[in-house]
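# Coordinate inspection notes
Each chain is listed here by its residues.
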Amino acid sequence: MSSAIINGKEIGQEIRGSVAKQVEELKAKGVTPGLAVVLVGNNPASKTYVTNKQKSCEAIGMYSELITLPETISEQQLLEHIRELNERNDIHGILVQLPLPKHINEDSVIATISPDKDVDGFAPISVGKMMLGQETYLPCTPYGVMKLLEHSGIEVAGKHAVIVGRSHIVGKPMGQLLLQKDATVTYTHSKTPDLPSFTKQADILIAAVGRANFITAEHVKEGAVVIDVGINRDEDNHLCGDVDFAAVDGIASHITPVPGGVGPMTITMLLANTVQAAAKTVQP
Ligand code: NDP
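Residues numbered from 1 in each chain as written. Predicted model: local features only at pLDDT ≥ 70, side-chain atom pairs only at ≥ 80, totals over all residues. Heavy atoms only, no water.

### Some words on the side chain of S126
Test applied: Elements are defined by DSSP. Helices are runs of H or I of four residues or more, strands are runs of E of two residues or more, and each kind is numbered from the N terminus. By definition in these notes, contact holds between two residues if any of their heavy atoms fall within 4.5 Å.
Mapped onto the elements of the fold, S126 is located in helix α5 (residues 124-132). Setting aside anything within four residues of it in sequence, one finds S126 in contact with D118, G121, T136 and Y137.

### Looking at the pairing of strand β6 (residues 184-188)
Where we set the bar: The rule for pairing is simple: two strands pair if DSSP sees at least two bridges between them.
Examined bridge by bridge, strand β5 (residues 160-164) and β6 share five bridges and lie parallel to one another. From the neighbouring strand, V162 faces β6, where its bridge partner is T186.

### Here we look at the packing of helix α6 (residues 140-151) against helix α10 (residues 263-279)
Helix packing for two helices is described by the angle between their axes and how far apart those axes are. Keep this limit in mind: For helices, the fitted line uses only the C-alpha atoms of the stretch in contact; every axis is such a line through C-alpha atoms, and the angle between N-to-C directions lies from 0 to 180 degrees. Here is the rule for angles: anything less than 35 degrees is roughly parallel, anything more than 145 is roughly antiparallel, 65 through 115 is roughly perpendicular, and the remaining ranges are oblique. Only Asp, Glu, Lys and Arg are considered charged in this grouping, and only Ala, Val, Leu, Ile, Met, Phe, Trp, Tyr, Cys and Pro are considered nonpolar; every other residue, Gly among them, is considered polar.
Running from amino to carboxyl end, α6 crosses α10 at an angle of 105 degrees, the nearest separation of the two axes being 8 Å. The pairing of α6 with α10 is recorded here as roughly perpendicular in orientation. On α10, the residues that touch C140, T141, Y143, G144, K147 and L148 of α6 are M265, T266, M269, L270 and N273. Its residues assigned to classes, the contact of α6 with α10 comprises six nonpolar, four polar and one charged.

### Examining the site of the ligand
Note the cut-off: In this text, near means that some heavy atom of the residue lies within 4 Å of the molecule or strand in question. Here a polar contact is recorded for every N or O atom pair within 3.5 Å, except that within protein the pair must consist of a potential hydrogen donor and a potential acceptor, and residues adjacent in sequence are included only if both atoms are side-chain atoms. Accessible areas in this description were obtained via Shrake-Rupley with a 1.4 Å probe; residue shielding takes into account the shown protein chains only.
Of all residues adjacent to the ligand, which total 21 residues, the nearest are R166, S167, S190, I231 and T266. Here an oxygen atom of the ligand and a side-chain polar atom of R166 are 2.7 Å apart. In the model, an oxygen atom of the ligand is placed 2.6 Å from a nitrogen or oxygen of the S190 side chain. In the complex, the protein chains occlude 71% of the 930 Å² of accessible area that the ligand would expose alone. Classifying every residue of the shell around the ligand gives nine nonpolar, ten polar and two charged.

Structure (structure tokens):
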């Protein structure tokens, strides 16, 4: 029997519908949620991501502003732009598209975003609050994965979740969010010996590696839930995930496709975080 598909496109649309209603309610109170997206340089992939984010904002009635800056901008000049955005009342969320040019320290830039506007949830204060289980903006991709699990009726408490990948933006926060929902969490990474011996224990397996079709049948336990965060190109230049879908289909109980799984959830949660930031500026 085939694995059940977790449809991120549908779940994302459903959540965007309720976020759009919140936008209407805020507008009725005189506040239009606004997202500023800062793009430095001409990276074509970054341009595509930024355009998608802007279109998604506009589709639900939010304001979005693109700040395009030259590759040669100095770190100080970029920090000045961010400080200006921190002060603006019409901007509730600030997103700096990564990667930045090599001469700019990404950590300094991210740390300059006001915690009240850090809708990507990457700044040290947001990460610290997340670790402590305090209210904050959660990083959009892991937050989106939690929503996928919730909307699919998949119980997390008491399950063994194994994460492949430990990046700051996906793997590490993913484990924290699952831990907070009472999963037992194992992190694996490039130095993990005998990876399948770990991943085979997973009730919930999260692949955030960045390698096309890396997770195969030997990594997956019968009946596991498999979440594929990867966005890669295979040798034929087709979009694919970190999971070899055909090999794992039928072994996993549930699986996310690529495209149409985790991808649509990342932007959805960015919209949700920005609307939450805007709502905080409204007096009760
Ligand atoms: P990174 O390159 O930052 O991290 C990859 C992780 O995978 C690292 O922790 C690395 O280990 C680990 N890894 C690499 N090779 C192996 C291996 N052979 N065995 C076990 N672990 C390994 O990537 P990201 O976390 O930023 O992204 C991961 C994937 O998710 C990419 O395909 C990216 O495009 C995609 N992505 C998708 C998003 C979405 O919206 N769907 C959003 C963000 C990312 P180590 O730390 O030891 O180097």
